[in-house]
Amino acid sequence: MSQPQKGVCAEPNLHAQYLLLNVVDDESDVIREKLARVLDIFEHYENEHFEAMVTGVVAVGAGYWTELYPGLIPEALTPFPQMQCEDRSAPDTTTDLFIQIRADRLDICHAIGIEIMDLLHLHVELVEQTRGFRYLDGRDLNGYIYGADNPRGMKRREVAVVGDDVPEFAGGSYLHVQRYRHDLRRWQTLSARQKEQVMGLTQEHNLPSAEQSDSSHCVRASTLGPHSDLPSLVKQGMPYGDLNEQGLVFVSCAASSQPFKAMLHSQIYGNSEGDYDRWLDFTSAQTGGAYFAPSVPFIRKRGVQ
């Protein structure tokens, strides 16, 4: 059984740092070697600060994969599924690399980020960096529990990781990353009943609401498979923000790229009756990227000079 990167199936942390990077030279052999050293940085901090519960993910963009790892391509690695319907959109801003750093200590997240950029800075440009944080008892900034439908325990691996039936990429994971910006001022003008209509759940206990409809967020953004009560992806995102801008960094990990595409289509285009995800009236995707996070052995083997 191949070893996935630890951050793919990790349980939630208190802090995160999300790095979006573009490679600025054509020294692919150097990049491959340095990505293996990024894994060493994660391992070092995990061992030195075990109480911080450090996890990390290194993922390669759909458009950069063949340049970095010529030859075999992960079967479901396709460009981000850019979508537009009325004023709802999911833009494609995929970068060459995506690195997720998570820990229960903000200073450790920061220190890891500094070391990674020191290692890569000659070869990449930092397109965007976003700090995520745990909000209250694991809620989005709209007050609702985030990722409550995530699989638990060993089920996370079953959902998030490519199986051994695909030996070349076993242990890998398909990642989709979006940064959403929320309009919380508008959201807070709604009554509790109106919020339940939008989300389809009660805010305090996350139970199905009598106000739920086909346009409720919990219905349109459901990750349940068509013939399974097991979710089809693992959500690894976290809220972000300051006093000027707030939102959510959405990160999904799955054994295929199809579950995310199906979920996004359901949210933006809706069903045949035109019932789209009403939560999209209060938040909008600013970025979107499709990536593949290879297994640890895959990165290490191809990182040897």
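The structure presented is a predicted model; accordingly, all values stated were derived computationally and were not measured.

Asks: Honestly, the overall build of the protein in this entry has me stumped. Any pointers?
Replies: In terms of regular secondary structure, the protein is built from ten helices and twelve strands. Taking 2.2 N^0.38 as the reference for a compact globule, 305 residues should give roughly 19 Å; the C-alpha atoms of the protein span a radius of gyration of 19 Å, in line with that estimate. Each principal axis of the C-alpha distribution contributes one length, and for the protein these read about 60 × 40 × 35 Å. For the protein, buried positions account for 55% of its 305 residues. Excluding contacts between residues fewer than 6 apart, the proportion of contacts in the protein whose partners are at least 24 apart in sequence is 79%. Accessible surface for the protein amounts to roughly 14000 Å². Of this, 50% is attributable to carbon and sulfur atoms. Where the 27 positive side-chain charges of the protein centre and where its 42 negative ones centre are 3 Å apart.

Asks: What is the right way to look at the UniProt feature "domain: Dyp-type peroxidase N-terminal" (unreviewed entry) in the protein in this model?
Replies: UniProt records the feature "domain: Dyp-type peroxidase N-terminal" (unreviewed entry) at residues 48-134, using the numbering of this structure. Overall, residues 48-134 shows 23% helix and 34% strand. The separation of its end C-alpha atoms is 23 Å.

Asks: Can you help me understand the packing of aromatic side chains in this one?
Replies: What characterises a pair of aromatic rings is the spacing of the ring centres plus the angle enclosed by the ring planes. Overall, the coordinates contain 16 aromatic pairs when judged by the stated rule. Ring plane angle 50° and centroid distance 4.9 Å describe the contact between tryptophan 65 and tyrosine 69, whose orientation is recorded as tilted. Taken together, Trp65, Tyr69, Phe169, Tyr174, Phe292 and Phe298 form an aromatic cluster joined through their ring pairs. The side chain of arginine 186 reaches across the aromatic face of phenylalanine 282, ending 4.8 Å from its centre. Arginine 302 extends its terminal NZ or CZ atom over the ring of phenylalanine 298, reaching a point 3.7 Å from the ring centre.

Asks: Help me understand helix H4 (residues 106-120) in this model?
Replies: For an α-helix, 3.6 residues make a turn, and residues three or four places apart therefore share a direction. Its 15 residues give H4 an end-to-end C-alpha distance of 21 Å, which sits within 8% of 21 Å, the value for a rise of 1.5 Å per residue. For H4, the complete set of buried residues consists of Ile108, Cys109, Ile112, Gly113, Ile116, Met117, Leu119 and Leu120. Projection of H4 onto a plane perpendicular to its axis shows the buried side chains occupying an angular sector of 165°, all on one side. Along its buried surface, H4 packs onto strand S1 (15-23), helix H2 (28-48), strand S5 (97-103) and strand S6 (124-133).

Asks: So what exactly am I meant to see when it comes to the pairing of strand S12 (residues 289-293) here?
Replies: Consecutive side chains of a regular strand alternate in pointing toward one face of the sheet and then the other. With respect to burial, S12 is a largely interior element, five of its five residues being buried. Neither face of S12 is exposed, since Gly289, Tyr291 and Ala293 on one face and Ala290 and Phe292 on the opposite face are all buried. Judged from the two bridges that link them, strand S2 (residues 55-61) and S12 form a sheet pairing that is antiparallel. Directly across from valine 60, in S12, lies its bridge partner phenylalanine 292. Two strands pair when backbone bridges link them, and strand S7 (residues 173-182) and S12 are joined in this way by five bridges, in the antiparallel orientation. Along S12, the bridge assignment pairs histidine 176 with alanine 290.

Asks: Please explain the side chain of asparagine 13 as it appears in this structure.
Replies: Mapped onto the secondary structure, asparagine 13 falls in the loop between helix H1 (6-9) and S1. Judged by its relative accessible area of 5%, asparagine 13 falls in the buried class. In terms of polar contacts, asparagine 13 uses its side chain to reach the backbone carbonyl oxygen of methionine 53, at 2.9 Å. Among the polar contacts listed, one links the side chain of asparagine 13 to the side chain of aspartate 104, at a separation of 3.2 Å.

Asks: What is the right way to look at a negative patch on the surface in this model?
Replies: Where like charges cluster on the molecular surface, the negative patch consists of Asp26, Glu27, Asp29 and Glu67. Position of aspartate 29 relative to the elements: it lies in helix H2. Taking the relative accessible area as the measure of exposure, aspartate 29 reaches 36% and is therefore partly exposed.

Asks: Just to check I follow, could you spell out the state of the cysteines for this structure?
Replies: What is meant by a disulfide is a covalent connection between two cysteines, made through their sulfur atoms. Evaluation of the coordinates by the stated rule reveals zero disulfides. Distance from the sulfur of cysteine 9, which forms no disulfide, to the nearest cysteine sulfur (cysteine 253) is 7.5 Å. Unpaired in terms of disulfides, cysteine 109 finds its nearest cysteine sulfur in cysteine 253, a separation of 16 Å. Look at cysteine 109 and you get buried, because its relative accessible area is 1%.

The rules behind each value
- Residues numbered from 1 in each chain as written.
- Predicted model: local features only at pLDDT ≥ 70, side-chain atom pairs only at ≥ 80, totals over all residues.
- Heavy atoms only, no water.
- Helix = DSSP H or I, 4+ residues; strand = E, 2+ residues; numbered from the N terminus.
- Rg over C-alpha atoms; globule rule 2.2 N^0.38 Å.
- Buried < 20%, exposed > 50% of the residue type's maximum accessible area, 1.4 Å probe, protein only.
- Contact = heavy atoms within 4.5 Å.
- Areas by Shrake-Rupley, 256 points an atom, 1.4 Å probe, with all protein chains shown as cover.
- Lys, Arg positive; Asp, Glu negative; His and termini not counted.
- Charge placed at Lys NZ, Arg CZ, Asp CG, Glu CD.
- UniProt positions renumbered as here; feature names shortened; annotations may be inferred.
- Phe/Tyr/Trp six-rings, centres within 6.5 Å; stacked < 30°, edge-to-face > 60°.
- Lys NZ or Arg CZ within 6 Å of the ring centre and 35° of its normal.
- Expected span 1.5 Å × (residues − 1).
- Arc of directions from axis to C-beta.
- Pairing = 2+ DSSP bridges.
- Polar contact = N/O pair within 3.5 Å; in protein donor to acceptor, adjacent residues only side chain to side chain.
- Patch = residues over 30% accessible without salt bridge, like charges linked within 9 Å, V, L, I, M, F, W, Y side chains within 5 Å.
- Salt bridge = Lys/Arg side-chain N within 4 Å of Asp/Glu carboxyl O.
- Disulfide = S-S within 2.5 Å.

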